[in-house]
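The lines below spell out each chain.
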Amino acid sequence: MSFRLHIIALLLGGFCYAQQTPVFSEYNYNPFLINSAHAGALQSAEISLAHSGFFSTIDGSPKSSNFSFRTPLGNKMMGLGGGLIHDEIGVTTSTSAFAAYSYRVPLNLDDEPYWKVQEPTGISFGLTVGLQKYQENLLGLGLGTDPLLSQNINATLPIVGAGIVLNYAKFYIGLSTPNLLGDRFASEDNLDLQSPYYAYMGYRFYFSRFENILLKPNVLLKYEKGAPIQADLNLSFTMNSKFEFGLGYRTNSSLNLLVGTYLFDSLRLVYSYNVAGKELTIGNTHGLSLNFRFNRGYSSD
């Protein structure tokens, strides 16, 4: 890491890494944010909008907003999607715009009754391309005339990401990275940005023939060079596709609570509350996620 960015890392503390992983509710309800293979995973198109970081009174605390759209195509073997992600933490701002393509290889499920298959079974492959705008307001730190902090960073980076997802009836597992290039080909050469790698899996427990009661435990692992492996452990409970409750724990000692409701079959609204651990200085945060699914909406899940 360059000396300039090393100073910034020390100022921001350990919560820099946490901001690079979407909050619990975002990737649980919209895994497309971390894996392009989910672009065509649904039976119909979906629009998602989310923001976290409401009501924070701590200067420089993380804030994140995202918008995404994904849809299956034609025979539903292919999918397209795209989105915008905007993150703020300390003096750092990052804005990404991306487009994604996915292709699914179906698997035969003759041994499973149709009512147990929530999403199309198969192996999906995804590719992401886009641009990231990365900025650091070093002058805003007010550290005097230090020559290492005398100029702001304003860089543009290309994005090329990839992912794979296996969905087999009630079980799913995925691997992805949002940007294989890291800081290569950045418009400035004083960066040291590492790309995270994600691995996650989950299982759907149904307690009735018509899938109206669902318990879904899942785990996500994140690896990034220079940081310890991070694990998210999550559990969600859905009843009658009307109400949802969830609990999550992240190994940097943050806890997430969420509650959601389904409106008019096509709308899902989720409120989340993230409780930061004692060793983190970012404070507790509130978040909202809104999803709209076309056609039959969430009643088809």
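As shown above, the structure is provided for reference.
Here the residue index of a chain counts from 1 through its sequence in written order. Per-residue local features of the predicted model are confined to residues with pLDDT of at least 70, and side-chain atom pairs are confined, for both listing and counting, to 80 or more; whole-chain, interface and lining totals are unaffected and use all residues. Think of the side-chain values as coming from all heavy atoms in the structure, minus any hydrogens and water.

(A) Unusual backbone geometry, seen in detail. The residue Phe185 is not glycine, and still its phi comes out positive at about 65°. Starting at the N terminus, helices and strands are each numbered in turn, a helix being any DSSP run of H or I of at least four residues and a strand any DSSP run of E of at least two. Locating Phe185 in the fold gives a position in the loop between strand 7 (171-177) and strand 8 (197-203). Despite not being glycine, Asp265 has its phi angle at roughly 65°, a positive value. Each residue is placed in one exposure class: buried if its accessible area under a 1.4 Å probe, protein chains only, is under 20% of its type's maximum, exposed if it is over 50%, and partly exposed if it falls in between. Look at Asp265 and you get partly exposed, because its relative accessible area is 38%.

(B) Main features of the environment of Ala100. Looking at where Ala100 falls in the secondary structure, it is placed in strand 4 (residues 92-106). Residue class for Ala100 comes out buried when judged on its relative accessible area of 5%. For the pair Ala100 and Gly83, spaced 17 residues apart in sequence, the C-alpha separation works out to 8.7 Å. Ala100 has contacts with Phe32, Ser36, Gly79, Leu80, Gly81, Leu127 and Thr128, leaving out every residue within four places of it along the chain. By definition, residues are in contact when any of their heavy atoms lie within 4.5 Å.

(C) Just the pattern of salt bridges, in detail. Salt bridges, as used here, are contacts in which a Lys or Arg side-chain nitrogen is within 4 Å of a carboxyl oxygen on Asp or Glu. Counted under the stated rule, the structure contains 6 salt bridges. Two residues, Glu46 and Arg268, come together in a salt bridge whose shortest N-O distance is 4.0 Å. One end of the pair, Glu46, is in strand 1 (residues 46-54); the other, Arg268, is in strand 14 (residues 267-275), with 222 residues separating them in the sequence. Of the two residues, Glu46 and Arg268, neither departs from the other in class, the shared state being buried. Between Lys242 and Asp265 there is a salt bridge; the shortest N-O distance is 3.8 Å. With a gap of 23 residues between them, Lys242 in the loop between strand 11 (230-239) and strand 12 (243-250) and Asp265 in the loop between strand 13 (254-263) and strand 14 connect regions that are remote in the sequence. Residues joined in a network through salt bridges with shared partners are Glu46, Arg70, Arg268 and Arg293.

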